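Now for the letters of each chain:
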Amino acid sequence: MILVTGGAGFIGSNFILDWLAQSDETVINLDKLTYAGNLQNLVSLSGDSRYHFVRGDIGNQELVSGLLAQYQPRAVVNLAAESHVDRSIHGPEAFIQTNIVGTFRLLDAVRVYWLALDEPAKSNFRFLHVSTDEVFGSLEADAPAFTETHRYQPSSPYSASKASSDHLVNAYYKTHGLPTLVTSCSNNYGPYQFPEKLIPLMIANALSGKPLPVYGDGRQIRDWLYVLDHCSALRRVLEAGKPGEAYNIGGWNEKPNIDIVHTICTLLQESVETSRSADYRSLITYVTDRPGHDTRYAIDAQKIERELNWKPGETFESGIRKTVQWYLDNQGWIANVQTGDYRLWIEKNYTRSVYENTAVR
Ligand code: NAD
Ligand code: DAU
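What counts and how
- Residues numbered from 1 in each chain as written.
- Chains lettered and ligands numbered in written order.
- Predicted model: local features only at pLDDT ≥ 70, side-chain atom pairs only at ≥ 80, totals over all residues.
- Heavy atoms only, no water.
- Helix = DSSP H or I, 4+ residues; strand = E, 2+ residues; numbered from the N terminus.
- Expected span 1.5 Å × (residues − 1).
- Bend = angle between axes of the 7 residues up to and from the residue.
- Polar contact = N/O pair within 3.5 Å; in protein donor to acceptor, adjacent residues only side chain to side chain.
- Near = heavy atom within 4 Å.
- Areas by Shrake-Rupley, 256 points an atom, 1.4 Å probe, with all protein chains shown as cover.
- Nonpolar A, V, L, I, M, F, W, Y, C, P; charged D, E, K, R; others polar.

Chemist: Requested: an account of helix α4 (residues 93-115), with residues and values cited.
Modeler: In a regular helix each residue adds 1.5 Å, so 23 residues correspond to 33 Å; α4 covers 32 Å between its end C-alpha atoms and thus fits that length. A maximum bend of about 35° is found in α4 at Gly102.

Chemist: Describe the side chain of Asp57, and please don't skip the residues or the numbers.
Modeler: With respect to the helices, strands and loops of the structure, Asp57 is situated in the loop between β3 (51-55) and α2 (61-71). One polar contact links Asp57 to Lys32, side chain to side chain, over a distance of 3.5 Å. One polar contact links the side chain of Asp57 to the main-chain amide nitrogen of Gly59, over a distance of 2.7 Å.

Chemist: Give a detailed account of the site of ligand 1, specifying residues and quantitative values.
Modeler: Around ligand 1, the surrounding shell holds 28 residues, and the nearest of these are Ile11, Asp31, Ser83, Tyr158 and Lys162. Within the contact set of ligand 1, an oxygen atom lies 3.4 Å away from a backbone nitrogen or oxygen of Leu33. Within the complex, 97% of the 840 Å² of free accessible area of ligand 1 lies under protein. Looking at the shell around ligand 1, the elements that each hand over two or more residues are α1 (10-22), β5 (126-132), α6 (157-176) and β7 (187-189). In terms of residues, the shell around ligand 1 owes the most to one element, β5, which gives three residues. Within the shell around ligand 1, the residues separate by chemical class into 12 nonpolar, 12 polar and four charged.

Chemist: So what's going on with the site of ligand 2? Which residues, and what values?
Modeler: In the vicinity of ligand 2 there are 22 residues, among which Asp133, Tyr158, Asn187, Arg290 and His293 approach most closely. Here an oxygen atom of ligand 2 sits 2.6 Å away from a polar atom, N or O, in the side chain of Tyr158. Arg290 has a polar side-chain atom sitting 2.6 Å from an oxygen atom of ligand 2. Bound to the protein, ligand 2 loses 94% of the 700 Å² it would expose on its own. Elements with a minimum of two residues in the shell around ligand 2: α7 (198-207) and β8 (212-215). In terms of residue count, the dominant contributor to the shell around ligand 2 is β8 (three residues). Split by residue class, the shell around ligand 2 holds nine nonpolar, seven polar and six charged.

This is the structure in structure tokens:
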């Protein structure tokens, strides 16, 4: 079995649903259920004996050690993090605690567990740390895309905390020989993304006739990857990645933010019967820029293609169409997140006894 952290978040819930659709290997999901954790994403797994949820913090070393001893996973996939750049500007503390201190405590508990394993379990074990292209900082317009050896130059408290966690993971490989893998992925989009991030926020606001807030001039470039392509890349890295190595994951889809917003408006215009005579584009509102805003990210994903034979399955055009349709079909999901009802649902549906461990720090 595998232990996934942060499995109630956007990428984590897609990863678990996808994992269990492809294999019968049991998944333990350790998640603290911050505002970003939504167990409704995984409701289709209730009663599935291949899935266990544990509410808890990756920084709770005692809890993590107990879970490792109890379940004896062959791998840990670390997706737990504070992930939103804007929140890291206003409240960096949680980012330091989870992304740096939490990753350190998780790593150390894993090191102790791993050291005590017998061969071949010891050499087959993997710690996969899911990181981001943001650790590399901002690219000039004409600069080549980030390779795995690009200099770390993070700009925000979020990316600095992720960079720090990457360094800790690499140190545990070099110092202790823990078989680690680090992946750096570009911007994900798709189902179950919290509507504070660009794509779901624009869809949700457009559907309720609210302004579409574009930071600065909207010319900043991100490199977009459909979330299920990220999940398939993570499975491939876990299966065939070389311990101690880093792999960039990306979709070769560089787009300026304003183009993304226009595409969303066009797709909504095609799909939604609306009495509004105005175009969704009329909702676009340019707002004050994000401080320290990185102007461009671009991932060079040649290494993972060459060494692990992985390529994305979706183009941006196919992925964004699926995504807009998913949010149109799941407006109740958006409403539950926006009203906070998903948290009430957690309280209603998950009594203390359902949690195998409620020790949230
Ligand atoms: P998310 O914010 O949607 O989900 C994070 C999850 O982690 C939530 O379920 C939350 O409850 C949980 N969590 C937070 N702190 C925790 C703690 N201390 N202990 C246990 N659980 C905790 O994030 P996401 O977008 O799914 O990102 C997942 C990972 O992928 C993050 O490490 C992020 O840095 C990385 N990443 C994200 C993207 C992207 O575009 N979203 C791109 C590249 C890398
Ligand atoms: O590159 C990978 C990263 O992508 C991940 O590591 C992060 O966890 C993830 O949140 C994402 O970071 P970004 O800052 O790129 O994503 P966000 O959706 O917040 O913003 C995308 C771009 O859109 C960015 O240039 C800022 C801009 N933006 C964002 C919001 C929320 C706007 O113009 N308006 C907005 O309202």
